[in-house]
Amino acid sequence: MKFFKSVFFLLALPIILVLLWWISTIVNPTFFVPTPGELITTFFGTWFGDRFTEDVLPSIGRLFLGIAGSIIVGVVLGILIGSFRPLRQLLEPLLEFFRAIPPPVLLPLLMIIIGVNWRMQVFVIIFGSLWPVLLNTVEGVRATDEVQRDTARSYGLGRLDRLRYLTLPAAAPQILTGVRQSLSIALILMVISELWYTSAGLGFTIVQFQRNFAIPEMWSGILVLGLIGLGLAVLFRYVERYILRWYHGLREVQRES
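Residues numbered from 1 in each chain as written. Predicted model: local features only at pLDDT ≥ 70, side-chain atom pairs only at ≥ 80, totals over all residues. Heavy atoms only, no water.

Student: For this particular structure, what's the right way to read the overall build of the protein chain?
Tutor: On a plain count of helices and strands, the protein chain comes out with 11 helices and zero strands. If you list the helices and strands of the protein chain from N to C, you get α-α-α-α-α-α-α-α-α-α-α. With the principal axes as the frame, the protein chain shows a C-alpha extent of 70 × 60 × 30 Å. Counting all 257 residues of the protein chain, 36% fall into the buried class. Once local pairs closer than 6 in sequence are excluded, the contacts in the protein chain between residues at least 24 apart make up 73%. Counting every atom, the protein chain has about 16,000 Å² of accessible surface; 70% of that belongs to carbon and sulfur. (Helix = DSSP H or I, 4+ residues; strand = E, 2+ residues; numbered from the N terminus. Buried < 20%, exposed > 50% of the residue type's maximum accessible area, 1.4 Å probe, protein only. Contact = heavy atoms within 4.5 Å. Areas by Shrake-Rupley, 256 points an atom, 1.4 Å probe, with all protein chains shown as cover.)

Here's what the structure looks like:
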């Protein structure tokens, strides 16, 4: 019963939206909005072929490289900055300065320094999606209970053991909150980095469809982006539940008590 209830809540709203979309295309047909049937047919005809290997897979590869880079850099720097107060006070103005720079503004500069290639695109994704991970990691490390820290020291745990068994588990909920925020930012920056500065990729292809008035194909590209975002959300949900299984179990016990 619980399974069917979850499926219902998962599919109810998409089904309602598709029905409203279908009705609107019948009542008020327009060149700029394809019917659901036309979109599905175009979707399979456009993306299940050469475009999948030439545009979709490279974009997904750059996206995952950017996400992985932002998580690694954000967590490592966040632990260092959160653990050492002098370092945090020293770097805080610099971090606030770079955080305020919109990543798309860096594209012309990166084109000159790195060139128009996949490394430039990955760097833009890392730079933009880094900040939620970094800032949440810093706050998670800072919020570690002082009594637990003192207890760990009194039992003779070294710095690495305290990091592994105390700091990281305590900060994990906030770190994963930052990762969740960074996923949508990374997807947006992947598209932006491909819009004008490449000759392949999802962003470039969608713009080409729009310029050539291939409206169903353009909508099908948007559908691909939505499916990638949905896939990231589902994957992250399972990873989060695995990493934080102790945390969710503790919350269940607290609710029942």
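Here the narrative resumes.
Student: What exactly am I supposed to notice about the UniProt feature "transmembrane region" (unreviewed entry) in the protein chain here?
Tutor: Mapped onto this numbering, the UniProt entry annotates "transmembrane region" (unreviewed entry) at residues 7–27, 63–84, 105–131, 183–207 and 219–239. Across residues 63–84, the secondary structure splits into 95% helix and 0% strand, with the terminal C-alpha atoms separated by 32 Å. End C-alpha atoms of residues 105–131 are separated by 16 Å, and the span's content is 78% helix alongside 0% strand. (UniProt positions renumbered as here; feature names shortened; annotations may be inferred.)

Student: Looking at this structure, I do not really get helix H4 (residues 85–99). What am I missing?
Tutor: Side chains that are three or four residues apart share a direction in an α-helix, a result of its 3.6 residues per turn. Across its 15 residues, H4 extends 20 Å between first and last C-alpha, which sits within 8% of the 21 Å expected from 1.5 Å per residue. At Leu-91, H4 shows its strongest bend, of approximately 45°, with the proline Pro-93 following within four residues. (Expected span 1.5 Å × (residues − 1). Bend = angle between axes of the 7 residues up to and from the residue.)

Student: What am I meant to see in the packing of aromatic side chains here?
Tutor: Remark: the centre distance and the inter-plane angle together describe each pair of aromatic rings, the angle taken between the planes. Considering all chains together, one arrives at seven aromatic pairs under this definition. Seen in terms of ring centroids, Phe-43 and Phe-44 are 5.3 Å apart; in terms of plane orientation they differ by 80°. Their pairing is edge-to-face. Taken together, a centroid distance of 6.4 Å and an interplanar angle of 20° make the contact between Phe-123 and Phe-127 stacked. One end of the pair is Phe-123 and the other is Phe-127, both in helix H6 (residues 118–142) and four residues apart, which spans about a single turn. Under the relative-accessibility criterion, Phe-123 is labelled partly exposed at 38%. Take Phe-127: its relative accessible area is 12%, and that puts it in the buried class. The ring of Tyr-242 has Arg-245 sitting right over it, with the charged end atom 4.4 Å from the ring centre. (Phe/Tyr/Trp six-rings, centres within 6.5 Å; stacked < 30°, edge-to-face > 60°. Lys NZ or Arg CZ within 6 Å of the ring centre and 35° of its normal.)

Student: I'm lost on the nonpolar core in this one. Help?
Tutor: Most often, soluble globular proteins have nonpolar side chains that are buried together. Counting residues in each nonpolar core, the largest one holds 45 residues, and the members touching the most others are Leu-63, Met-190 and Leu-202. Those elements that place two or more of their residues in this core are helix H2 (36–47), helix H3 (50–83), helix H5 (107–113), H6, helix H8 (159–195), helix H9 (202–211) and helix H10 (215–243). Ignoring any residue separated from it by four or fewer positions in sequence, one finds Met-190 in contact with Ser-59, Leu-63, Ile-125, Leu-202 and Leu-225. (Core = buried A, V, L, I, M, F, W, Y, C linked by side-chain atoms within 4.5 Å.)

Student: Can you help me understand the side chain of Arg-162 in this one?
Tutor: Tracing the chain through its elements places Arg-162 in helix H8. Despite its burial, Arg-162 pairs with no opposite charge; the closest candidate is Asp-161, at 8.3 Å N-O. Leaving out residues up to four positions away in the same chain, Arg-162 has contacts with Arg-149, Ala-152, Arg-153, Leu-157 and Thr-167. (Lys, Arg positive; Asp, Glu negative; His and termini not counted. Salt bridge = Lys/Arg side-chain N within 4 Å of Asp/Glu carboxyl O.)

Student: Hey, could you run me through the pattern of salt bridges in this one?
Tutor: Pairs can form between side chains of opposite charge once their charged atoms are near each other. A full pass over the atoms with the stated rule returns five salt bridges. Across the pair Arg-142 and Glu-139 runs a salt bridge whose closest N-O atoms are separated by 3.6 Å. Linking Arg-142 with Glu-139, this pair stays in helix H6, spanning three residues, or about one helical turn. Owing to a relative accessible area of 43%, Arg-142 belongs among the partly exposed residues under this scheme. Classification of Glu-139 by relative accessible area gives partly exposed; the value is 39%. The salt bridge involving Arg-180 is made with Glu-240; its shortest N-O contact spans 2.6 Å. A residue pair is termed long-range when its members are at least 10 positions apart, and Arg-180 in helix H8 and Glu-240 in helix H10 qualify at 60 residues.

Student: Would you take a moment to explain a nonpolar patch on the surface for this structure?
Tutor: A surface patch of nonpolar side chains, amounting to about 620 Å² of accessible area, comprises Ile-15, Leu-19, Trp-22, Ile-23, Ile-26 and Val-27. In this fold, Val-27 is placed in helix H1 (residues 2–27). (Patch = residues over 30% accessible without salt bridge, like charges linked within 9 Å, V, L, I, M, F, W, Y side chains within 5 Å.)

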